[in-house]
Amino acid sequence: MNDATEPWRYETVANALEAQIEAGTWGAGARLPGMRKLATQFGVSVSTIVSAEQLLEDRGVIEARPRSGYYVRELPWQPPEAPERSTPESAPTAVTGQELVLQVVKAANAPDQVRLGAAVPDASFLPAHALQRCFAGVARNWGDRALEYAFPPGPPELRQQIAQRMADAGCQHAPEEIIITNGAQEALALSLRVVANPGDVIAIESPTFYGLLQTIEAQGLRTLEIPTDPDEGIAPEALALALDQWPVAAVMVMPNFGNPLGHCASEERKQALVELCEARQVPLIEDDVYGDLSFEAPRPWAAKAYETSGGVLYCGSFSKTLSPGLRLGWAVPGRFHERLEYLKYAHSAATPAWPGFAVTDLLERGGYDRYLRRVRSDYARAVEAMRRAVARYFPAGTRTTRPVGGFVLWVELPESVDAIQLYRRALAERISIAAGPMFSPTGRFQRCIRLNCAQPRDARLERALARLGELAGDLASAV
């Protein structure tokens, strides 16, 4: 084949590549195949591919990244508007309508589905090789201790590393103040048991993570939804009014990149929230599992950084950063330490030692910080790409949140779209999403969905999002 005799050939290849990009074969931010692979696909020489890619770069369609290849450019776009602040009913209620949760969670283990429902990052976002090396070295580094029970409060070496990390969140705590748990879910459940009894009222964000709702329901508690801003989180002035009206036993919040909104409260709002709870002597339970996943360093402070009386029960985890399978979390319960430590032992006796020692090694060697520096930008690009896809494929009037950390996106659809119907139609086509009513104890947010952005950006995902937009459009036009 002599490409020199056909100077037009590289233009034909460039046009074909551009058409594939416009059709969604490679979405914004995706890396194009290598030059040799493209040359084979198009039946041309590598030099022709080089010329075609240079032409597409001149057109602004793709961009070169040093020692990495060509990527589809993130073109200018008009972001969707953000949802309004929530306005829930101002009365306590029991938790209902959580039947869909188990179905969504099960879909996270279904390889034939596009898994946009459960907030579980794809393995490509996780430090698999670094963890494998640490796990392989546990027996050598820790000996028989790796085979023993890790009774509360947990291995002192791991608690020391966590204490050092919490300093980045503005929290100065000794290792003795930290209790290792089986994931953040156990830390949250134990925190609730410490401060509340069946029938008590727990103030929550609206919407909030369905895992918190299930924990509240399991303990026979009631919820009080507080108006929540999609950018800043729970409104302290609205919480103050609620505390005036109802006997609230505790407040549960996710100030940093809350799930599902992805919001991040300002430091002033966190301080105001803590001061309010301290003044009213109401315990504050803080879920900070996404705190390390800020799109920009440094990570924001935790609300616990502003406490003065030990009334904030802090809950953290490595499940959203290192691996969901670790089930490695911790609690810093302040003045409730002794009671929570006992309940931890009574509830599950111990935590697995082997994963704890592997993570300890990773933290000591700086592997966690190196990983965070990389993955923060990965998640930022993934969330941005998801917002662009929603703007491109979903019906007019769709709104999205503007996360500045984490990897979930809250989508508010036109009024005529029912999220449960959309969930069922999407599931029939092997696309899993999380319907909005799952994030409310009373089934609110019936036209909202949450999307997991931590998925490989490939043609399969692009097709799924395009189809999801079509299904939403069908529901929007059916009325």
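See the structure shown above.
Criteria and thresholds
- Residues numbered from 1 in each chain as written.
- Predicted model: local features only at pLDDT ≥ 70, side-chain atom pairs only at ≥ 80, totals over all residues.
- Heavy atoms only, no water.
- Helix = DSSP H or I, 4+ residues; strand = E, 2+ residues; numbered from the N terminus.
- Rg over C-alpha atoms; globule rule 2.2 N^0.38 Å.
- Buried < 20%, exposed > 50% of the residue type's maximum accessible area, 1.4 Å probe, protein only.
- Contact = heavy atoms within 4.5 Å.
- Areas by Shrake-Rupley, 256 points an atom, 1.4 Å probe, with all protein chains shown as cover.
- Lys, Arg positive; Asp, Glu negative; His and termini not counted.
- Charge placed at Lys NZ, Arg CZ, Asp CG, Glu CD.
- Pairing = 2+ DSSP bridges.
- Axes fitted to C-alpha atoms, helices over the stretch in contact; angles between N-to-C directions.
- Parallel < 35°, antiparallel > 145°, perpendicular 65-115°, else oblique.
- Left-handed = near helix turned anticlockwise from the far one by under 90°.
- Nonpolar A, V, L, I, M, F, W, Y, C, P; charged D, E, K, R; others polar.
- Patch = residues over 30% accessible without salt bridge, like charges linked within 9 Å, V, L, I, M, F, W, Y side chains within 5 Å.
- Salt bridge = Lys/Arg side-chain N within 4 Å of Asp/Glu carboxyl O.
- Core = buried A, V, L, I, M, F, W, Y, C linked by side-chain atoms within 4.5 Å.

Here the focus is the overall build of the chain. Per the secondary structure count, the chain includes 16 helices and 16 strands. The C-alpha atoms of the chain give 24 Å as radius of gyration, which agrees with the globular expectation for 479 residues (23 Å, within 12%). Here the C-alpha coordinates of the chain stretch approximately 80 × 65 × 40 Å along the principal axes. Across the 479 residues of the chain, 58% fall into the buried class. Sequence-distant contacts, at least 24 apart, represent 75% of the contacts inside the chain between residues at least 6 apart. Of the roughly 20,000 Å² that the chain leaves accessible, carbon and sulfur atoms contribute 50%. Averaged over its 49 positive side-chain charges, the chain has a centre that lies 5 Å from the centre of its 57 negative ones.

Moving on to unusual backbone geometry. Of the consecutive residues Pro 152 and Pro 153, the connecting peptide bond is found in the cis state with omega at 10 degrees. In this model, Ser 206 is joined to Pro 207 through a cis peptide bond whose omega is 5 degrees. Note that Pro 207 resides in the loop between strand 5 (201-206) and helix 9 (210-218). The phi dihedral of Arg 67 falls on the positive side, at around 55 degrees, and the residue is not glycine.

With respect to burial, strand 8 (residues 248-253) is a largely interior element, six of its six residues being buried. Pairing of strand 5 with strand 8 involves four bridges; the strand directions are parallel. Paired with Ile 204 across the bridge in strand 8 is Met 252.

It is worth spelling out the packing of helix 7 (residues 156-166) against helix 13 (residues 353-364) at this point. Two elements in contact, helix 7 and helix 13, have axes separated by 9 Å at closest approach and are oriented at 45 degrees. One element, helix 7, and the other, helix 13, form an angle in the oblique class. As helix 7 runs across helix 13, the sense of the crossing is left-handed. Packed against helix 7, whose contacting residues are Glu 157, Leu 158, Gln 161 and Arg 165, the element helix 13 presents Gly 356, Phe 357, Val 359, Thr 360, Leu 363 and Glu 364 at the interface. Of the residues in the contact of helix 7 with helix 13, the class split is four nonpolar, three polar and three charged.

Attention now moves to a nonpolar patch on the surface. Residues Tyr 149, Phe 151 and Tyr 345 make up a contiguous nonpolar surface patch of roughly 390 Å² in combined accessible area. Take Tyr 149: it is sitting in the loop between helix 6 (138-142) and helix 7. On the basis of relative accessibility, which here comes to 65%, the residue Tyr 149 falls in the exposed class.

Looking now at the sheet that holds strand 12 (residues 399-400). Reading across from one edge, 12-13-16-15 is the order of the four strands in this open sheet, with antiparallel pairing throughout. In the strand order of this sheet, the two ends are held by strand 12 and strand 15 (434-435), each with one partner. In terms of strand pairing, strand 13 (residues 408-412) meets strand 16 (residues 448-452) through five bridges, oriented antiparallel. Residue pairing in the sheet places Val 411 in a bridge with Ile 449 of strand 16. Along the sheet face, helix 14 (residues 367-393) touches strand 12, strand 13 and strand 16 and points at about 20 degrees away from the line of strand 13.

The next thing to look at is the sheet that holds strand 5. Ordered in space as 4-11-10-9-8-5-6-7, the eight strands form an open sheet in which the pairing is mixed. Of all strands in the sheet, those bounded by a partner on one side alone are strand 4 (179-181) and strand 7 (233-234). As paired strands, strand 8 and strand 9 (residues 284-287) are joined by three bridges and run parallel to one another. Paired with Val 253 across the bridge in strand 9 is Glu 286.

Looking now at the pairing of strand 11 (residues 329-332). Alternating residues of strand 11 divide into Gly 329 and Ala 331 and Trp 330 and Val 332, and every residue in both groups is buried. For strand 4 and strand 11, the ladder comprises three bridges, and the chain directions are antiparallel. Within the sheet, the bridge partner assigned to Ile 179 lies in strand 11 and is Ala 331. One ladder, built from four bridges, connects strand 10 (residues 312-317) with strand 11; its direction is antiparallel. Within strand 11, the residue paired with Ser 317 across the bridge is Gly 329.

A separate point is the nonpolar core. Counting residues in hydrophobic clusters, the biggest one holds 116 residues, and the most contacted among them are Leu 116, Ile 202, Phe 318 and Ile 449. At 10 residues, helix 14 tops the list of elements feeding residues into this core. Those residues in contact with Leu 116 that sit more than four places away from it in its chain are Met 386, Ile 431, Ser 432, Ile 433, Arg 450, Leu 451, Asn 452, Gln 455, Leu 461, Leu 465 and Leu 468. Counting 23 residues, the second-largest nonpolar core is a separate cluster that includes Ile 226, Leu 243, Val 248 and Val 282.

Moving on: the environment of Phe 394. With respect to the helices and strands, the residue Phe 394 is situated in the loop between helix 14 and strand 12. The residues contacting Phe 394, other than those within four sequence positions of it, are Ala 389, Val 411, Leu 413, Ile 449, Leu 465, Leu 468, Gly 469 and Ala 472.

Applying the stated rule across the entire model yields 26 salt bridges. A salt bridge links Asp 231 to Arg 402; its shortest N-O distance comes to 2.4 Å. Separated by 171 residues along the polypeptide, Asp 231 in the loop between strand 6 (222-229) and strand 7 and Arg 402 in the loop between strand 12 and strand 13 bring together distant segments of the chain. Linking Arg 467 and Glu 429 is a salt bridge whose minimum nitrogen-to-oxygen distance equals 2.9 Å. One end of the pair, Arg 467, is in helix 16 (residues 459-477); the other, Glu 429, is in the loop between helix 15 (419-428) and strand 14 (431-432), and 38 residues separate them in sequence.

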